[in-house]
Amino acid sequence: MGTSGPSPPCIFCEIAARRAPGHLVGENAEALAFLTIGPLRRGHTLVVPKRHVVELVEASPVELASVFRLGTEVARLQRRELGSEGETLFLASGEAGEQSVPHLHLHVVPRQRDDGLDLAHWWSDRARSPAREELEQTARRLRGLD
Ligand SMILES: [Zn+2]
């Protein structure tokens, strides 16, 4: 940000350093898991790299692997201890991606059939139906062929 004063501390870094309270669920060498204070469902957990990383593209392969490995452990715990039957993972990266806290975080939302979140309808209401030609053009562009 600016150069006029110290930035406010990153809340997730503070939790990772145990300087701020967090409801810890688990950790490994590179990642930490704790409950969000704004859960969609009971047990909704955030998994963050311990290092201050803001966007997905800034994280190292080891950090990403650690975040997803811990996220998978969290999902197992949610199923075993809270009786969830599935999970929805969500990761917003960058301001345009509607990232809320500027420290990368993977949401692990425990799900049950008919739990009312209804994300499939949210998605299908907004999904486009591009022509095959457009899909092919986009794929070629992403592969550097056009
Ligand atoms: Zn941070």
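The structure reproduced in this document is the subject of the present report.

### As for the overall build of the protein chain
Of the regular secondary structure elements, the protein chain holds 4 helices and 5 strands. Projected onto its principal axes, the C-alpha coordinates of the protein chain cover approximately 55 × 50 × 25 Å. For the protein chain, the proportion of its 146 residues judged to be buried stands at 31%. Sequence separation of at least 24 residues holds for 51% of the intrachain contacts in the protein chain that already meet a minimum separation of 6. Total accessible area on the protein chain stands at roughly 10,200 Å², and carbon and sulfur atoms take up 54% of it. Computing the positive centroid from 18 side-chain charges and the negative centroid from 20, the protein chain places the two 4 Å apart.

### Observations concerning the sheet that holds strand β5 (residues 106-111)
Taken together, the 5 strands give an open sheet; going across it, the order is β1-β2-β3-β5-β4, and neighbouring strands pair in antiparallel fashion. Sheet topology places β1 (24-27) and β4 (86-90) at the edges, where each strand pairs with a single neighbour. In this sheet, adjacent strand axes meet at a mean angle of 20 degrees when their direction is disregarded. Note: strand β2 (residues 31-35) against strand β3 (residues 45-49), 5 bridges, orientation antiparallel. Across the sheet, Phe34 pairs through a bridge with Leu46, a residue of β3. Lying on the sheet, helix α2 (residues 61-82) is in contact with β1, β2, β3, β4 and β5; it crosses β3 at an angle near 160 degrees.

### Quick look at the packing of aromatic side chains
Taken as a whole and judged by the stated rule, the model has 1 aromatic pair. A ring pair is formed by Phe12 and Phe34, whose centres lie 5.3 Å apart and whose planes are at 65 degrees; its orientation type is edge-to-face. Of the two residues, Phe12 sits in helix α1 (residues 11-16) while Phe34 sits in strand β2, which places them 22 residues apart along the sequence. Taken as a pair, Phe12 and Phe34 share a single burial class, namely buried.

### Considering the pairing of β3
β3 sits mainly inside the fold: 5 of its 5 residues count as buried. The alternating pattern of β3 places Thr45, Val47 and Pro49 on one face and Leu46 and Val48 on the opposite face, and all of these are buried. Across 3 bridges, β3 lies against β5 in antiparallel orientation. Bridging across to β5, Val47 finds its partner in Leu106.

### A word on the coordination of the zinc ion
Coordination of the zinc ion by the protein is provided by Cys10 (SG), Cys13 (SG), His52 (ND1) and His103 (ND1), with metal-donor distances spanning 2.0 to 2.3 Å. Considering all 4 donor atoms around the zinc ion, angles at the metal cover 103 to 119 degrees and the coordination shape is tetrahedral. The sequence pattern formed by the donor residues of the zinc ion is C-x2-C-x38-H-x50-H. For the pair Cys10 and Cys13, one class covers both residues: buried.

About the cut-offs
- Residues numbered from 1 in each chain as written.
- Predicted model: local features only at pLDDT ≥ 70, side-chain atom pairs only at ≥ 80, totals over all residues.
- Heavy atoms only, no water.
- Helix = DSSP H or I, 4+ residues; strand = E, 2+ residues; numbered from the N terminus.
- Buried < 20%, exposed > 50% of the residue type's maximum accessible area, 1.4 Å probe, protein only.
- Contact = heavy atoms within 4.5 Å.
- Areas by Shrake-Rupley, 256 points an atom, 1.4 Å probe, with all protein chains shown as cover.
- Lys, Arg positive; Asp, Glu negative; His and termini not counted.
- Charge placed at Lys NZ, Arg CZ, Asp CG, Glu CD.
- Pairing = 2+ DSSP bridges.
- Axes fitted to C-alpha atoms, helices over the stretch in contact; angles between N-to-C directions.
- Phe/Tyr/Trp six-rings, centres within 6.5 Å; stacked < 30°, edge-to-face > 60°.
- Donors = N, O, S within 2.8 Å, 3.2 Å for Na, K, Ca; no water.
- Tetrahedral: all angles 85-135°; square planar, octahedral: opposite > 155°, others 65-115°.

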